[in-house]
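These are the residues of each chain, in order.
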Amino acid sequence: MAQRYILTVDVGTSSTKTAVWNAQGAALAEATAPYALNRPQPLWAEIDPHVWWQAISETIQQVVTRAGVRADEIAGIGIDAISWTLIPVDAAINPLAPAMIWLDRRAGEETAWLKSQPEAEQFVNLSANPLDEAYITPKLVWLRKHKPEIFDSAHKFLEATGFITARFTGQFICDLTQAYGYHFFDIQNERWDEAAAARIGVPLEKMPRLCPPTEIVGTVTAQAAADTGLCAGIPVIAGCLDAVVGALGSGVTRPGQTNEQGGQAGGLGISLDRVVVEPRLIFSHHVVPGQYILAAGTVGGGSLGWFRDQLGQVETAVSPLIQQNPFELFSLQASQSPPGANGLIFLPYMAGERTPLWSSVARGVFFGLSYSTSRADILRAIMEGCAFAVYDNLQVAAEHGVTVDEYLGSGGATQSAVWCQIKADVYGRPFVVAQRADGGEGGHGLGLFALTAYAVGLVDDIGACVNSLLPQRRIYEPSPPNHAYYQALFQVYRRVSRKLLDDFADLDRIQKSRNA
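Residues numbered from 1 in each chain as written. Predicted model: local features only at pLDDT ≥ 70, side-chain atom pairs only at ≥ 80, totals over all residues. Heavy atoms only, no water.

## Quick look at the nonpolar core
Point 1. With 175 residues, the main nonpolar core has Trp52, Ile77, Phe168, Phe184 and Leu230 as its most contacted residues.
Point 2. Dropping the residues within four chain positions of it, Ile77 is found in contact with Leu7, Phe168, Val220, Leu230, Ile234, Pro235, Val236, Ile237 and Thr452. (Core = buried A, V, L, I, M, F, W, Y, C linked by side-chain atoms within 4.5 Å. Buried < 20%, exposed > 50% of the residue type's maximum accessible area, 1.4 Å probe, protein only. Contact = heavy atoms within 4.5 Å.)

## Notes on the packing of aromatic side chains
Point 1. Overall, the coordinates contain 27 aromatic pairs when judged by the stated rule.
Point 2. Consider the rings of Trp84 and Trp358, whose centres lie 6.5 Å apart with planes at 45°: the pair is tilted. Separated by 274 residues along the polypeptide, Trp84 in the loop between β5 (74-81) and β6 (87-89) and Trp358 in the loop between β20 (345-347) and β21 (365-367) bring together distant segments of the chain. Across this residue pair, the class does not change: Trp84 and Trp358 are buried.
Point 3. Grouping aromatic residues by their ring pairs yields a cluster made of Phe388, Tyr391, Tyr407, Tyr427, Phe431, Tyr485, Tyr486, Phe490 and Tyr493.
Point 4. Stacked on the ring of Trp44, the Lys or Arg Arg106 has its end atom at 3.6 Å from the ring centre.
Point 5. The aromatic ring of Trp419 is capped on one face by Lys423, whose charged end is 5.1 Å from the ring centroid. (Phe/Tyr/Trp six-rings, centres within 6.5 Å; stacked < 30°, edge-to-face > 60°. Helix = DSSP H or I, 4+ residues; strand = E, 2+ residues; numbered from the N terminus. Lys NZ or Arg CZ within 6 Å of the ring centre and 35° of its normal.)

## Remarks on the pairing of strand β17 (residues 266-272)
Point 1. With seven of seven residues buried, β17 lies mostly within the body of the structure.
Point 2. The two faces of β17 match: Gly266, Leu268, Ile270 and Leu272 on one face and Gly267, Gly269 and Ser271 on the other face are all buried.
Point 3. The pairing of strand β16 (residues 257-261) with β17 spans four bridges and is classified as antiparallel. Within β17, the residue paired with Asn259 across the bridge is Gly269. (Pairing = 2+ DSSP bridges.)

## Observations regarding the state of the cysteines
Point 1. Enumeration according to the criterion identifies zero disulfides in this entry.
Point 2. Cysteine Cys240 shares no disulfide, and the gap to the nearest cysteine sulfur, in Cys211, comes to 11 Å. (Disulfide = S-S within 2.5 Å.)

## So, the environment of Asn189
Point 1. For Asn189, the position within the fold is in the loop between β10 (185-186) and β11 (191-192).
Point 2. Since its relative accessible area comes to 52%, Asn189 is described here as exposed.
Point 3. A distance of 2.8 Å separates polar atoms of two side chains, one belonging to Asn189 and the other to Asp186. (Polar contact = N/O pair within 3.5 Å; in protein donor to acceptor, adjacent residues only side chain to side chain.)

## Here's the deal with the pattern of salt bridges
Point 1. Inspection of every chain in the model, using the stated rule, returns 26 salt bridges.
Point 2. A salt bridge links Glu215 to Arg209, with the shortest nitrogen-to-oxygen separation between them at 2.8 Å.
Point 3. Take Glu215: its relative accessible area is 24%, and that puts it in the partly exposed class.
Point 4. Across the salt bridge formed by Asp438 and Arg436, the nearest N and O atoms sit 3.2 Å from each other.
Point 5. A relative accessible area of 59% places Asp438 in the exposed class.
Point 6. Residue classification places Arg436 among the partly exposed residues on the basis of a relative accessible area of 30%. (Salt bridge = Lys/Arg side-chain N within 4 Å of Asp/Glu carboxyl O.)

## Structural notes on the sheet that holds strand β22 (residues 406-410)
Point 1. Strand order in the open sheet made by the seven strands is β18-β19-β17-β16-β22-β23-β24, with mixed pairing throughout. Strand pairing shows two members of the sheet lacking a second neighbour, β18 (282-285) and β24 (472-476), which therefore form its edges. Going from strand to strand, the sheet's axes swing by 30° on average, the running direction of each strand aside.
Point 2. Together, β16, β18, β19 (292-298), β22 and β23 (431-435) form the strand contacts of helix α9 (residues 242-250), whose direction differs from that of β16 by roughly 115°.
Point 3. Lying on the sheet, helix α13 (residues 375-398) is in contact with β16, β17, β19 and β22; it crosses β17 at an angle near 25°. (Axes fitted to C-alpha atoms, helices over the stretch in contact; angles between N-to-C directions.)

## Here's the deal with the packing of α13 against helix α17 (residues 480-499)
Point 1. Across the interface, α13 lies against α17 with an axial gap of 10 Å and an inter-helix angle of 80°. Overall, the two elements α13 and α17 adopt an arrangement that is roughly perpendicular. Of α17, the residues touching α13 (which contributes Arg380, Glu384, Gly385, Phe388, Ala389, Tyr391, Asp392, Gln395 and Val396) are His483, Tyr486, Gln487, Leu489, Phe490, Tyr493, Arg494 and Arg498.
Point 2. Taken together, the residues that form the contact of α13 with α17 break down as eight nonpolar, four polar and five charged. (Parallel < 35°, antiparallel > 145°, perpendicular 65-115°, else oblique. Nonpolar A, V, L, I, M, F, W, Y, C, P; charged D, E, K, R; others polar.)

This is the structure we're talking about:
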């Protein structure tokens, strides 16, 4: 019997990564295509959806060639993509406007209008998500107000995964993990709510059909085959949100397991078997049937990148000479500073903060600087501040009786043993990095492979597939004395962050008035 392969497509904020996998879950070839966002105005963040399709088409041709497989040997295609993205399309799946992505915060007035409505609390309870500019709902209201001709002429309103799936298959769908971006999505009953949609002003005939991530929604069309070099007829699953399949790929397969993503846009996702409504956090379906993800999003992961660019010229210069990247050198220095960074606390709000503050005006702060503060202290404080930001969200989740059985880390930050140990000590629980047999991490591609392989019948159980592909665990045990010390420091961190919220707003107002 011919070998069967899985093709995975991960559409991210700044690049698309495509891979071909064999039936045993080994990646045979990978290719990445970068692209840039457009920011025509300060709060806008958009991209031409054709750029995604071009990146997908190019990377598919590259990986199929490199893997040495025939297109007719591919058993299925799985797609994940970024969240909270609005793409109005016509009946031929042509975008009618640039895609407004999750970073786009232009809909401030529309968010305020939604919050002022008598049904505002109902919208939050229905979707289990807060009203914020990042979500799709305010973007729809903005489109109706500012581009009524596009709003009225749109055949369907799609999110990012749904758009890519439509380009492959011609079918208009929204998978359950992406539907959380709409505040007329009834998350308990998995349906569009007619009354909420009418109050917000969205005709439901313009919304795609809802379906689970593993549903085979169609097959590759002749046009998609011509664009990508594939053959028509390959099954395509509905796909999902990038964050939840990333959680799956890190090892989150059962309730109680938690994934922390340590990257530019970090955060955590806790798997639950029940719906929790907490407006300070984010809530969505998990890709595993019967499970949900209570999530937090932070932006502090880029703080070390800021340090490298502004203050890390030495490390950047010597890094190619000694064959160590600057972040490894930062970790070595941070290890020379004791827990607590000699009294220095960092608020990692370098681009505002998402959960639990939901503030676009918050900014980074070093609290406790003195003449004795060293470079190592600053680096360690950055790492500790990012851990405190995640712990802040864990405390909110705990208010709802949410417990964590296993804390799994993923992303670039797991390459730093110092940072992993800081997290174990701050959280007070073992910090675990699940690894493949070759010592590498899982990730979006691995999770998407398991999801797609299950959908097309190559494996019988999603969780068992992931666990078999992540047989190793690198574990960092917490130090009880360090955890007790961090608990005390966290109380200071939290008080300072809340006390400064009004000052952040005043500072933003003053800066805007000067620049007006």
